[in-house]
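# An overview of the molecular structure
Chain residues, written in single-letter form:
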Amino acid sequence: MKPSRYIFILLGFISIISQIILMRRLMVIFSGNELSVGVVLTSWMLWTGVGSILFGRLTEGLKRVYLVLSLTLMGVVILFPLTLLLTFCLKPILGIPLSQIVGLPTIIISTGVILGPLCILLGFSFVLCCRLFPEDSSVNVGRVYLWEALGAALGGISFNWVAIPLLSPFQSILILDLIISITIWWLLKQGGKTRGARPVRRVVMWLPLALAGASLALLILPQPILDLDLVAQKIRWRGFNPIYTTDSRYGSITLTRTGGEYTLFYNGFPSFTYPDPMHSEEVAHLAMLEHPRPREILLVGGGLNGVVDELLKYPLTRLDYVQLDPEINKVEKEEIPHTQELLRDGRLQTFNLDGRYFINQQPPGSYDLVIINLSGPDTAQLNRFYTLEFFEEVKRILKEGGTLATSAGEPANYISDAQARFLACIYGTLRRSLKEVVILPLSRNYLIATETKGYLTSDYQQILQRLHLRKIKTRFFRDYYLRYNLSAERVNYTRKRVESELNRGFALNLDLKPIAYLYNTLHWETHFNLERARLLKWLDRIKFYHCLAALILLILPVLIWLRIRPGREIGGVISAIGAMGFVSISTEIVILLSFQIIYGYMFYQLGLIVTAFMVGLSLGAILARRFLERKVNSYRVFLISLLSLALYPLLLWAALSLPLNNLAEISATLVFMLLTLVGAVICGLIFQLGADIFIQKGEGIGFSAGWINGADHLGAALGALFTSAILIPIFGLINTLIFSTILVFLSLLILLMGRKIAKSQSVK
């Protein structure tokens, strides 16, 4: 019996939606950190690959494939809501405070435990779908791959345009469970007649209907005990009082209220607290008092949480406030007292745009003072506001004598090597653009910079004198507070510690090489384990050629294996498929981060880029089938496809060199989707042709599908981790693309040498 395409489409549909939902949730749990996204991708790909390889050989002699596939999908139905619930409740389960950044080892272990069972079943399902066909043929592997990719593309589109605006994460998962359960019942009907079947089979037939009924009940009966969204929120926000929760196109927003205090969590991390007069006074008055006569001010980030109130105490002519997410302004207007009154001040204008994009659109000499009110380069997204390119953009819009105020991390009476390295990176990068820079260690390390000499000061007495002359009343920003925090000993210690790191040499923080983001991550890691400080010193010493040398050394055992195992040249195919998986995920991360660098977010674009990738895989699989139908030489086309994949990162390099920041957002999105599509078409070709070469060597379809799919996912797992943790933060986006090209050329070398060894052994 010929299996229905619907099964394969459904597999891709549920795989991509569950991946996007869980990745978005884990981004929130792990505070939007892109390194954590890389770890999540690694876990997803790793366990999916393990599921394919582990069970590929076991399916060869399997008789009741429909029954086993049905049982596997039942496991998926059960695991979907449980996995999502675990992601919501991860921090409470581990006893980690909501505002605390999760350590990297905890992220690695927890994502493996949470995602492992679900991903293994999804990987196993792919192999089982290939085994539904009665005959062994690479075309059948390609059919499953093609329709799964199309299903994934359909899932990505549905999620972006339907699920995000209309459904909560649990509603999306429960609808998926309902669809899968009905499909399982239909699968069991297709697998054989139920009349006269054994009692066990009759019971199995009723299980999917029971699961469908449970999913439907959870959807239409939103009582407190059955509402999974409410249950998850109560567990996650235990001890808090969330009064507003939503997912915007840019991130996840939750506003909590404890007594009269409001805290806004953005992507799981506390963005601001209201009222917080101490922080508000620091941000506003330090910046204002380091400029002789500020009149036109730009404030980027934070919120209408007190800083604006303090700034408006001065005789300003204009205060422009830029906040990317309009949902934050909506929450402030509806929930936080005093906001409506504040917005009626004619000097204040609010803009819902990315801060960098807004600055790029301003004419030169627009502002006396620019204040960056962000938490620091805690993520690659925030790192964009601490790079040399950004400081140059700010310098362009400053008037003569204009000042930039920003902050980086919390101060300490003892500054560790990791923290000193981080501060030196930001300080040195800022000083490369604006020559005069002071560090003021209050509740945060504030950095004030200008081109004009003689006015910046770290002397608290001068700051107080300026405050009194301007007749500004403050509550905390007073003599006793400044005398301690800006004591000569404290200021000099911080400055000398940073300068000693600068003298040792430092790396500039650049858009395409976000090293400060890595330093900040490692600084936080030392809070959890001082031994991890050694990792910083090791990473500082690593060079790009070290990675290339290690890569070249990896091919030696592969070549030895090819020589001692006659006829096993398919090992070269496996290595090529693994390289394809590495490059596909690596270039996808580069594309996402490049978009983020220009427009400031990727939360919403994640689904669009993934959809473009899946459409490209489908087109590549269709193209490969056309080649196979014409009886072309699979091996030759496979080599040409690998050569194209080697050149693809260089195409991306050329595209990223273009002035894409001048494009409108929708145009840039289409450009990035097209770039993704091109690479995915090549990957689809390689996957299908690799399966054909496998089966030509006499391997079974279960074994072939398991190894091809497994090698693809394991290569992608390694690519996700290596790219996000080492290549991009340390060596930058361009070197990441160069590394990808070299990797594919080495896989080509392995393939050609394996072929040559096999031919020479056959002649003997």
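Residues numbered from 1 in each chain as written. Predicted model: local features only at pLDDT ≥ 70, side-chain atom pairs only at ≥ 80, totals over all residues. Heavy atoms only, no water.

## Quick look at the overall build of the chain
- Helix and strand counts for the chain stand at 28 helices and 11 strands.
- Each of the 764 residues in the chain was classed as buried or not, and the buried ones make up 60%.
- Residue pairs in contact within the chain that sit at least 24 positions apart in sequence constitute 79% of those at least 6 positions apart.
- Per element, the accessible surface of the chain, about 30,500 Å² overall, is 62% carbon and sulfur. (Helix = DSSP H or I, 4+ residues; strand = E, 2+ residues; numbered from the N terminus. Buried < 20%, exposed > 50% of the residue type's maximum accessible area, 1.4 Å probe, protein only. Contact = heavy atoms within 4.5 Å. Areas by Shrake-Rupley, 256 points an atom, 1.4 Å probe, with all protein chains shown as cover.)

## Here we look at a nonpolar patch on the surface
- On the surface, Leu643, Leu647, Leu650, Trp653 and Phe745 cluster together into a nonpolar patch covering about 430 Å² of accessible area.
- Of note, Leu650 is situated in helix H26 (residues 634–656). (Patch = residues over 30% accessible without salt bridge, like charges linked within 9 Å, V, L, I, M, F, W, Y side chains within 5 Å. Salt bridge = Lys/Arg side-chain N within 4 Å of Asp/Glu carboxyl O.)

## Brief notes about the packing of aromatic side chains
- Taken as a whole and assessed by the stated rule, the structure comprises 10 aromatic pairs.
- Consider the rings of Phe126 and Phe687, whose centres lie 6.2 Å apart with planes at 85°: the pair is edge-to-face. With Phe126 in helix H5 (residues 104–130) and Phe687 in helix H27 (residues 665–696), this pair connects stretches of sequence that are 561 residues apart. Across the pair, exposure class does not vary: Phe126 and Phe687 are buried alike. (Phe/Tyr/Trp six-rings, centres within 6.5 Å; stacked < 30°, edge-to-face > 60°.)

## Observations concerning the side chain of His291
- Relative to the helices and strands, His291 is located in the loop between helix H10 (277–289) and strand S5 (296–300).
- According to the relative accessible area criterion, His291 is buried, its value standing at 5%.
- From its side chain, His291 meets the backbone nitrogen of Arg293 in a polar contact 3.0 Å long.
- Residues in contact with His291, not counting those within four places in the same chain, are Asp368, Gly401, Gly402, Thr403, Tyr455 and Arg470. (Polar contact = N/O pair within 3.5 Å; in protein donor to acceptor, adjacent residues only side chain to side chain.)

## So, the sheet that holds strand S10 (residues 436–441)
- The strand order across the open sheet formed by 7 strands is S7-S6-S5-S8-S9-S11-S10, and the pairing between neighbours is mixed. Both edges of this open sheet fall to strand S7 (348–351) and S10, since each of them pairs with a single strand only. Averaged over all pairs of adjacent strands, the angle between their axes in this sheet comes to 15°, without regard to strand direction.
- Taken together, the 6 bridges between S10 and strand S11 (residues 445–450) define a ladder with antiparallel strand orientation. (Pairing = 2+ DSSP bridges. Axes fitted to C-alpha atoms, helices over the stretch in contact; angles between N-to-C directions.)

## Structural notes on the confidence of the model for the chain
- On average, residues of the chain score 82 in pLDDT, and 86% of them are at 70 or above.
- Confidence over residues 193–197 falls short of pLDDT 50; this stretch has 5 contacts with residues more than four positions distant or in other chains. (pLDDT = per-residue confidence, 0-100.)

## Some details on the pairing of strand S1 (residues 242–247)
- Examined bridge by bridge, S1 and strand S2 (residues 252–258) share 5 bridges and lie antiparallel to one another. Paired with Pro242 across the strands is Thr256, a residue of S2.
- From the end of S1 to the start of S2, which pair antiparallel, there are 4 residues.

## Things to note about unusual backbone geometry
- The omega torsion of the bond from Tyr274 to Pro275 falls at -5°, within 30 degrees of zero and hence cis.
- Tracing the backbone shows Pro275 in the loop between strand S4 (269–274) and H10.
- In this structure, Lys471 takes a positive phi of about 60° despite not being glycine.
- Positionally, Lys471 belongs in the loop between helix H18 (460–469) and helix H19 (479–485).
- The exposed category is assigned to Lys471, whose relative accessible area is 75%.

## Thoughts on the sheet that holds S2
- The sheet built from 4 strands is open, its strands ordered S1-S2-S3-S4 with antiparallel pairing. Looking along the sheet, the strands with just one partner apiece sit at the ends: S1 and S4. Along the sheet, successive strands turn relative to each other by an average axial angle of 15°, direction set aside.
- Examined bridge by bridge, S2 and strand S3 (residues 261–266) share 6 bridges and lie antiparallel to one another. Considered in S3, the bridge of Thr258 is made with Glu261.
- Against the sheet, helix H12 (residues 326–335) contacts S1, S2, S3 and S4, and its axis sits at roughly 155° relative to S1.

## So, the pattern of salt bridges
- Evaluated as defined, the whole model comprises 16 salt bridges.
- Two residues, Lys399 and Glu296, come together in a salt bridge whose shortest N-O distance is 2.2 Å. Here Lys399, found in strand S9 (residues 398–407), pairs with Glu296, found in strand S5; they are 103 residues apart in sequence, far enough to count as distant.
- With relative accessibility at 18%, the residue Glu296 sits in the buried group.
- Put simply, Arg356 and Asp511 hold a salt bridge, and the shortest N to O gap is 2.7 Å. Note that Arg356 is positioned in helix H14 (residues 355–360) and Asp511 in the loop between helix H20 (488–504) and helix H21 (515–528), a separation of 155 residues in sequence.
- The class of Arg356 is buried, set by a relative accessible area of 6%.

## A look at the environment of Arg295
- With respect to the helices and strands, Arg295 occurs in the loop between H10 and S5.
- Taking the C-alpha atoms as reference points, Arg295 and Leu316, 21 residues apart in sequence, are found 4.4 Å from one another.
- Discounting residues that sit within four places of it in the chain, Arg295 has contacts with Pro315, Leu316, Thr317, Arg318 and Asp368.
- Engagement of the side chain of Arg295 in a polar contact is seen with the backbone oxygen of Pro315, the distance being 3.4 Å.

## Section: the nonpolar core
- Core analysis: the biggest nonpolar cluster contains 192 residues, and Ile14, Leu298, Val370, Phe638 and Phe672 have the highest contact counts within it.
- In terms of residue count, the dominant contributor to this core is helix H28 (residues 701–763) (21 residues).
- For Phe672, the residues in contact, after removing those within four places along its chain, are Ile591, Ser594, Phe595, Ile598, Ile609, Leu656 and Leu660.
- Listed in part, the 38 residues of the second largest apolar core include Leu342, Leu369, Leu482 and Leu486. (Core = buried A, V, L, I, M, F, W, Y, C linked by side-chain atoms within 4.5 Å.)

## Focus: H20
- Taking 1.5 Å as the rise per residue, H20 with 17 residues should run 24 Å; its terminal C-alpha atoms sit 24 Å apart, in good agreement.
- For H20, the set of buried residues is Arg490, Val491, Thr494, Arg497, Val498, Glu501 and Leu502. The buried residues of H20 occupy an angular sector of 140° when projected down its axis, which confines them to one face. Facing away from the buried side of H20 by more than 90 degrees, the exposed set consists of Glu489, Lys496, Asn503 and Arg504.
- As for H20, its buried residues are in contact with helix H17 (417–433), S10, S11 and H19.
- Backbone geometry just downstream of H20 places Gly505 in the positive-phi region, at approximately 105°. (Expected span 1.5 Å × (residues − 1). Arc of directions from axis to C-beta.)

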